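These are the residues of each chain, in order.
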Amino acid sequence: MKPFYYSWSIQSEVTNFSLDESQGPFFIENGRKIFDGISSSFQAHFGHSFKPIKQDLVKQLEKFSIAPPKANFYLKQAASEQLLELLNLEGRIFYTLSGAESVENALKIARQMRTGKKILARKKSYHGASLGALSITGDWRSENHFGLQDYTIRIPEPMDDPELVKLRQIVEEEGSDNIAAICLETISGTNGVYSADIHWWKKLRRFCDETGILMILDEVLVGFGRCEDFFAFQKYDIKPDMVCMSKGITGGYVPFGALYTNNEVCSFYENRILSNGLTNYAHPLGLACMSTVIDTLKKSTFSSQKRQLESDFLAQINKLSKLDCVREIRCHGLLAAIQTNKLELDWRSFWDCGAYVFVKQGMLILAPPFILKTTQLEEFMEVIEEVLAT
């Protein structure tokens with residue numbers, strides 16, 4: 001028996017792997033290289049040995065590695081300004097240590113600002129493992145947990161309600177004053193890489209403006225360049241009231257998260273207590289990594305290489321459509337879902353052939369690191385095709 005737990009697993013049945021070291025886009029097990037096809041847990045945007053992040057992390061460690069929440073220091077100011085510029089939004093940042101905490105604090109703020117306490121959310125969703133975040137999560141991970149599920153209202157998937165007719169009916173029946181916010185993944189991750197078109201998002205933004213319901217977007221998995229733009233909501237030309245961030249914010253090198261809030265939220269707390277906080281709020285090591293991530297994403301050479309990788313990835317993904325087992329492909333930037341008719345599909349079969357991927361009920365999710373070279377991408381996709389064709 002191991003002296004630790006495996007997450008989201010029956011402990012006696014879990015399948016795991018040995019990890020000796022990692023470098024670039026690879027895990028290394030007993031000297032064998034395995035392509036990291038989902039960026040570890042969708043956070044290792046820059047692979048496992050990205051020098052700029054490691055170097056800046058060490059620099060900050062040597063300067064100071066801990067700071068209390070009320071401390072002001074240059075990095076805190078500069079990195080926050082960088083993040084707001086990357087978001088291309090006005091407002092303030094509340095810092096956290098994870099995606100779940102970012103969502104949790106967004107829900108707290110929405111419920112503090114609005115008289116209503118209910119949250120609108122999709123069934124095909126995952127928002128985090130803390131109780132508040134789990135209460136708006138729609139997939140199996142929310143089952144068997146005490147939470148605030150009675151304060152969550154499920155809305156139809158965008159494809160089932162393209163004109164928001166059903167959503168309007170739901171809100172009318174509940175009363176908009178009883179609803180604090182709508183919280184959605186801009187593009188869903190492990191629940192299928194689903195999103196809506198720009199027209200749906202524009203209608204939703206207008207609806208929130210009409211009703212006063214706050215729009216919270218969960219960009220934990222899709223933010224920081226995963227889906228072409230810096231943030232997925234930028235593809236749809238909308239301005240959310242709050243944006244939840246984590247994972248790629250530090251490339252996974254340090255646990256960290258952030259919550260963007262707009263000027264309306266800022267004004268609300270100017271003369272009220274913000275009763276939200278964490279011991280390691282705005283941790284300097286997280287800020288150092290985040291600053292490097294933003295600098296890297298904005299460099300023209302890196303941006304150009306990433307665009308080429310996105311184009312090559314889409315071409316390689318579309319090649320899989322020729323396989324008899326592939327039913328549908330959904331791809332946004334460097335995030336793709338391959339829907340197959342192979343319900344017995346297992347991640348271990350890919351691992352044994354040299355690739356680490358996410359598999360769920362016959363669906364394969366891929367999210368490779370941004371630093372893959374063209375030849376490496378081709379080799380990786382050859383493994384994917386080989387296993388699917390078997």
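Structure: above.
Residues numbered from 1 in each chain as written. Predicted model: local features only at pLDDT ≥ 70, side-chain atom pairs only at ≥ 80, totals over all residues. Heavy atoms only, no water.

J.: If you had to explain the overall build of the chain to someone new, which residues and values would you point to?
T.: The helix and strand inventory of the chain stands at 12 helices and 15 strands. Over its C-alpha atoms, taken along the principal directions, the chain stretches across nearly 60 × 55 × 50 Å. Of the contacts formed within the chain by residues at least 6 apart in sequence, a portion of 72% connects residues at least 24 apart. Taking the 43 positively charged and 48 negatively charged side chains of the chain as two groups, their mean positions are separated by 3 Å. (Helix = DSSP H or I, 4+ residues; strand = E, 2+ residues; numbered from the N terminus. Contact = heavy atoms within 4.5 Å. Lys, Arg positive; Asp, Glu negative; His and termini not counted. Charge placed at Lys NZ, Arg CZ, Asp CG, Glu CD.)

J.: Describe the packing of helix 10 (residues 300-319) against helix 12 (residues 374-389), listing the residues and the values that go with them.
T.: Two numbers describe a pair of packed helices, the interaxial angle and the distance between the axes. Put simply, helix 10 and helix 12 touch, their axes get as near as 11 Å, and they point 20° apart. As the angle between them shows, helix 10 and helix 12 are arranged roughly parallel. Crossing hand, helix 10 versus helix 12: right-handed. Along the contact surface, helix 10 presents L309, D312, F313, Q316 and I317, while helix 12 presents T374, L377, E378 and M381. Classifying every residue of the contact of helix 10 with helix 12 gives 5 nonpolar, 2 polar and 2 charged. (Axes fitted to C-alpha atoms, helices over the stretch in contact; angles between N-to-C directions. Parallel < 35°, antiparallel > 145°, perpendicular 65-115°, else oblique. Left-handed = near helix turned anticlockwise from the far one by under 90°. Nonpolar A, V, L, I, M, F, W, Y, C, P; charged D, E, K, R; others polar.)

J.: Explain the sheet that holds strand 5 (residues 118-122) to me, using residue names and the numbers behind them.
T.: Within the open sheet, the 7 strands sit side by side as 4-10-9-8-7-5-6. Their pairing is mixed. In this open sheet, the two edge strands, each paired with only one partner strand, are strand 4 (92-96) and strand 6 (152-155). Pairs of neighbouring strands in the sheet enclose a mean axial angle of 20°, with direction left out of account. Here strand 5 pairs with strand 6 via 4 bridges, running parallel. For L120, the partnering residue across the bridge sits in strand 6 and is I153. Against the sheet, helix 4 (residues 99-113) engages strand 4, strand 5, strand 7 (179-185), strand 8 (214-218), strand 9 (242-245) and strand 10 (257-261), with an angle of about 160° to strand 9. Across the sheet, helix 6 (residues 165-174) lies against strand 5, strand 6 and strand 7, angled at about 155° from strand 6, the strand it touches most. (Pairing = 2+ DSSP bridges.)

J.: Break down the packing of aromatic side chains for me, with residues and values.
T.: Inspection of every chain in the model, using the stated rule, returns 26 aromatic pairs. Ring centres of F46 and F302 lie 5.6 Å apart, and the angle between their planes is 40°; on these two criteria the pair is classed as tilted. Pair noted here: F46 is in the loop between helix 1 (39-42) and helix 2 (51-63) and F302 is in helix 10, with a separation of 256 residues, a long-range link. Assigned by exposure class, F46 and F302 land together as buried. Seen from their ring centres, W200 and W201 are 5.0 Å apart, and the 90° between their planes marks the pair as edge-to-face. Each of the two residues, W200 as well as W201, counts as buried. (Phe/Tyr/Trp six-rings, centres within 6.5 Å; stacked < 30°, edge-to-face > 60°. Buried < 20%, exposed > 50% of the residue type's maximum accessible area, 1.4 Å probe, protein only.)

J.: Help me get a handle on the sheet that holds strand 2 (residues 26-29), residues and values and all.
T.: Taking strand neighbours across the sheet as the criterion, the 4 strands line up as 1-2-3-13 in an open arrangement whose pairing is mixed. Lying at the two open borders of the sheet, with one neighbouring strand each, are strand 1 (21-23) and strand 13 (355-356). In this structure, strand 1 lies alongside strand 2, joined through 3 bridges in antiparallel fashion. Note on strand 2: the bridge partner recorded for E21 is I28.

J.: Break down the pairing of strand 12 (residues 335-340) for me, with residues and values.
T.: Most of strand 12 is tucked away: 6 of the 6 residues are buried. The alternating pattern of strand 12 places L335, A337 and Q339 and A336, I338 and T340 on opposite faces, both of which are buried. The turn joining strand 11 (residues 326-332) and strand 12, which pair antiparallel and follow one another in sequence, is formed by 2 residues; a positive phi near 60° is taken by G333. Bridge analysis of strand 12 against strand 15 (residues 363-366) gives 4 bridges, and the strand direction is antiparallel. Following the sheet pairing, A337 is matched in strand 15 by I365.

J.: A description of the environment of L335 should follow, citing residues and the corresponding values.
T.: Note that L335 resides in strand 12. Once the C-alpha coordinates of L335 and V193 are considered, the two residues, 142 residues apart in sequence, prove to be 7.4 Å apart.

J.: Summarise a negative patch on the surface; cite the residues concerned and give the values.
T.: Among the surface-exposed residues, E378, E379, E382 and E386 lie close enough to one another that they form a single negatively charged patch. Following the sequence through the fold, E379 ends up in helix 12. (Patch = residues over 30% accessible without salt bridge, like charges linked within 9 Å, V, L, I, M, F, W, Y side chains within 5 Å. Areas by Shrake-Rupley, 256 points an atom, 1.4 Å probe, with all protein chains shown as cover. Salt bridge = Lys/Arg side-chain N within 4 Å of Asp/Glu carboxyl O.)

J.: Can you explain the pattern of salt bridges? Please cite residues and give values.
T.: Taken as a whole and judged by the stated rule, the model has 16 salt bridges. Linking R92 and E270 is a salt bridge whose minimum nitrogen-to-oxygen distance equals 3.0 Å. Of this pair, R92 sits in strand 4 while E270 sits in the loop between helix 8 (263-268) and helix 9 (284-298), and the two are 178 residues apart along the sequence. The closest approach of N and O atoms between E210 and R168, which form a salt bridge, is 3.3 Å. With E210 in helix 7 (residues 198-211) and R168 in helix 6, the pair connects residues that are 42 residues apart, well separated along the chain. What emerges from the salt-bridge pattern is a single network uniting R205, D209 and D241.

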